[in-house]
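The lines below spell out each chain.
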Amino acid sequence: TVDSANSEAERQLNADRKTPFAVLANQQEKGRGRLGRKWHSPATGNLYLSVAFRPNLPPRELPVVNLWFGLRICQFLRKKTGLDLQVKWPNDLLLEDRKIGGMLAEAKIDVDRIRGLVLGLGLNVNAKRKHFPKTLARSVSSFAETIGHSIRLHELASDIVRCIIRAYREFERGANSSVLRKEWREIDAFKDRSIVARSGKETLSGTARGIDENGALVLRLDDGKLRKLRSADVTLRK
């Protein structure tokens, strides 16, 4: 049990542990998601995993590498489970519009370079819907809940660690943004759907049109204009 797998990975990075390395937890007491939200992390056979790297990348690459990880993890899990998983931009894994996982990339930046990078992944593997708070029960799912039986967690964890390290090395070698944009269309949970995006004090409505070369969400507003959002809280429009 840890406060947060990402926090533990950051502490070990600061203690000069050789990278890459992974931190896995059975339970998180202070698991966190994007925008400072709490990530519900009970000890019910789910996966709480963080992998740390020491890249030498400019900060502008962070949104792109985050999406690259999401793309490769989603593709791997699709092949592993046979389920039609998708990614809700920028970092949630969905199954039939229910959240089944989330990713959180956090970086240590010195002046103009990323010196430490931690990718956290929370994945609902063997939890049942009854294990989640009532406020979440209708919006989340798990692999066990979907396929009707539990999954060997250690095997899945080691496979995902390998997937993440391969994705990182692929990106480091010079992943092509056009490849990301093309392959993103296959796993894009928002593709051509009507959405609402909240960015700061601004609320925008329109149709999602994929991502640009920098990982920004492309939104065609109701008036026909295009907007590119680097950071936003996005939901389907009811």
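Residues numbered from 1 in each chain as written. Predicted model: local features only at pLDDT ≥ 70, side-chain atom pairs only at ≥ 80, totals over all residues. Heavy atoms only, no water.

### Let's talk about the overall build of the chain
Piece 1. Helix and strand counts for the chain stand at five helices and eleven strands.
Piece 2. Principal-axis analysis of the C-alpha atoms gives the chain an extent of 50 × 45 × 35 Å.
Piece 3. Expressed as a percentage of its 238 residues, the buried residues of the chain come to 50%.
Piece 4. When contacts within the chain are restricted to residue pairs at least 6 apart in sequence, long-range pairs at least 24 apart make up 62% of them.
Piece 5. Put simply, the chain shows about 12,300 Å² of open surface, and 46% of that area lies on carbon and sulfur atoms.
Piece 6. A gap of 2 Å separates the mean positions of the 45 positive and 28 negative side-chain charges of the chain. (Helix = DSSP H or I, 4+ residues; strand = E, 2+ residues; numbered from the N terminus. Buried < 20%, exposed > 50% of the residue type's maximum accessible area, 1.4 Å probe, protein only. Contact = heavy atoms within 4.5 Å. Areas by Shrake-Rupley, 256 points an atom, 1.4 Å probe, with all protein chains shown as cover. Lys, Arg positive; Asp, Glu negative; His and termini not counted. Charge placed at Lys NZ, Arg CZ, Asp CG, Glu CD.)

### Some points on the sheet that holds strand 8 (residues 202-211)
Piece 1. Strand order in the open sheet made by the five strands is 10-9-8-7-11, with antiparallel pairing throughout. Edge positions in the sheet fall to strand 10 (226-229) and strand 11 (233-236), since each of these pairs with one other strand and no more. The average undirected angle you get between the axes of adjacent strands in this sheet is 45°.
Piece 2. Bridge count between strand 8 and strand 9 (residues 217-221): four bridges; the pairing is antiparallel. Counterpart to Ile211 in the pairing with strand 9 is Leu217. (Pairing = 2+ DSSP bridges. Axes fitted to C-alpha atoms, helices over the stretch in contact; angles between N-to-C directions.)

### With respect to the pairing of strand 5 (residues 98-110)
Piece 1. Across four bridges, strand 4 (residues 92-95) lies against strand 5 in antiparallel orientation. Counted as the bridge partner of Leu94 is Lys99 from strand 5.
Piece 2. Taking the residues between adjacent antiparallel strands as the criterion, strand 4 and strand 5 are bridged by two residues, where Glu96 takes a positive phi near 55°.
Piece 3. As paired elements, strand 5 and strand 6 (residues 113-123) share ten bridges and run antiparallel to each other. Across the sheet, Ala105 pairs through a bridge with Leu119, a residue of strand 6.
Piece 4. Hairpin connection from strand 5 to strand 6: two residues lie between these consecutive antiparallel strands, with Val111 at a positive phi of about 55°.

### Examining the packing of aromatic side chains
Piece 1. Counting across every chain of the model gives three aromatic pairs.
Piece 2. Plain terms: the ring middles of Phe53 and Phe69 are 6.1 Å apart, the flat faces sit at 20° to each other, and that makes the pair stacked. Here Phe53 is found in strand 2 (residues 47-53), whereas its partner Phe69 is found in helix 2 (residues 62-81), with 16 residues between them in sequence.
Piece 3. Ring centres of Trp68 and Phe171 lie 6.5 Å apart, and the angle between their planes is 55°; on these two criteria the pair is classed as tilted. Residue Trp68 is found in helix 2, and its partner Phe171 is found in helix 4 (residues 153-172); the two are separated by 103 residues along the sequence. Of the two residues examined, Trp68 and Phe171, each falls in the buried class.
Piece 4. Members of the aromatic cluster, joined through ring pairs, are Phe53, Phe69 and Tyr168. (Phe/Tyr/Trp six-rings, centres within 6.5 Å; stacked < 30°, edge-to-face > 60°.)

### Considering the pattern of salt bridges
Piece 1. According to the stated counting rule, one finds 16 salt bridges in the structure shown.
Piece 2. In this structure, Asp84 and Arg78 form a salt bridge, with 2.7 Å as the shortest nitrogen-oxygen distance.
Piece 3. For Asp84, a relative accessible area of 52% corresponds to the exposed category.
Piece 4. In this structure, the salt-bridge partner of Lys80 is Asp159, at a minimum N-O distance of 3.0 Å. Remark: Asp159 occurs in helix 4 and Lys80 occurs in helix 2; sequence separation between them is 79 residues.
Piece 5. In this structure Lys80 comes out as partly exposed when scored by relative accessible area, which is 36%. (Salt bridge = Lys/Arg side-chain N within 4 Å of Asp/Glu carboxyl O.)

### Things to note about the nonpolar core
Piece 1. Core analysis: the biggest nonpolar cluster contains 58 residues, and Leu77, Leu93 and Ile160 have the highest contact counts within it.
Piece 2. At eleven residues, the largest contribution of residues to this core is made by helix 2.
Piece 3. Leu13, Val23, Ala52 and Val118 belong to the second largest nonpolar core, which has seven residues in total. (Core = buried A, V, L, I, M, F, W, Y, C linked by side-chain atoms within 4.5 Å.)

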